[in-house]
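# Architecture and fold: a report
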Amino acid sequence: ASNTHASGPGVEGGFARKRNPFVTTTKNTLGEQLPLKDAPQDAFKVAVHGPAGEVPIEDIQNHNDGTYSSAYTPEKHGDYEVDIKLYDAPIHGSPFHLVMEGANAGYSYAEGPGLVGGKTGWDLAFTIFGVDADGNRLASEALRGGECGG
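Since this is a predicted model, take the numbers as computed values, not measurements. Starting from 1, residues in each chain are numbered consecutively following that chain's sequence as written. The predicted nature of this model means local features are confined to residues of pLDDT at least 70 and side-chain atom pairs, given and counted, to a pLDDT of 80 or more, with totals for whole chains, interfaces and linings taken over all residues. With hydrogens and water stripped out, all remaining heavy atoms of the structure feed into the side-chain values.

## Let's talk about the overall build of the protein chain
Filter applied, for reference: Helix numbers and strand numbers start at the N terminus; a helix is a DSSP run of H or I with at least 4 residues, a strand a run of E with at least 2. Method for areas: the Shrake-Rupley scheme with a 1.4 Å probe, in which residue coverage is limited to the protein chains shown.
Across its full length, the protein chain carries two helices and 12 strands. Secondary structure elements of the protein chain occur, N-terminal to C-terminal, as β-α-β-β-α-β-β-β-β-β-β-β-β-β. Split by element, the accessible area of the protein chain, about 8,700 Å² in all, is 50% carbon and sulfur.

## A word on the packing of aromatic side chains
Short version of the rule: Any Phe, Tyr or Trp ring, taking Trp's six-membered ring, that has another such ring centre within 6.5 Å forms a pair; planes under 30 degrees apart are called stacked, those over 60 apart edge-to-face, and the others tilted.
A full pass over the atoms with the stated rule returns three aromatic pairs. For the ring pair Phe44 and Tyr68, a centre distance of 5.3 Å and an interplane angle of 55° mean the geometry is tilted. Here the residue Phe44 occupies a position in strand β4 (residues 44–50), and Tyr68 occupies one in strand β7 (residues 67–72), the gap between them amounting to 24 residues.

## Concerning the environment of Gly78
You can see Gly78 is positioned in strand β8 (residues 78–86). In sequence terms Gly78 and Val99 are 21 residues apart; their C-alpha atoms lie 5.5 Å from each other.

## Observations concerning the pattern of salt bridges
Quick reminder of the rule: Salt bridges are identified by distance alone: a Lys or Arg side-chain nitrogen within 4 Å of an Asp or Glu carboxyl oxygen. Each residue's exposure class comes from its accessible area (1.4 Å probe, protein chains only) as a fraction of the maximum for that residue type: buried when under 20%, exposed when over 50%, partly exposed otherwise.
Scanning the entire structure with this criterion turns up two salt bridges. When the shortest N-O distance is used, the salt bridge between Glu58 and Arg19 registers 2.9 Å. A residue pair is termed long-range when its members are at least 10 positions apart, and Glu58 in the loop between β5 (53–55) and β6 (61–62) and Arg19 in the loop between β2 (14–15) and β3 (20–25) qualify at 39 residues. Using a relative accessible area of 33% as the deciding quantity, one classes Glu58 as partly exposed.

Encoded structure:
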């Protein structure tokens, strides 16, 4: 299991409410890709935990070349832990600690008098509106730091 690696947004970090795939590659001690003899559901155990608890994963697909793919769709942004085991032993890097982002800076925006003028020493408020990649405004509790609108 220590020669087996995983990569992709599902183990490196991605976006909430989006499908986050990952690929697991099994290798022998020489570093060569090695297909498993068992069905992936029998060989791998994958658990994803986040702010809303356990997240279900899609069935693991066998590509018959030593690579196996799956994905999951987290409903909430925040910190996640992905635990991948091969025959009950953690693969290289597991458990993975990652962040699923909620807001998309390219769609988010701010409004208010604090953005268009002011005087030194005067408080002028502004509100930041976080927007996800689908154009949906996020609730204020979904944003971190600052005064948030929602």
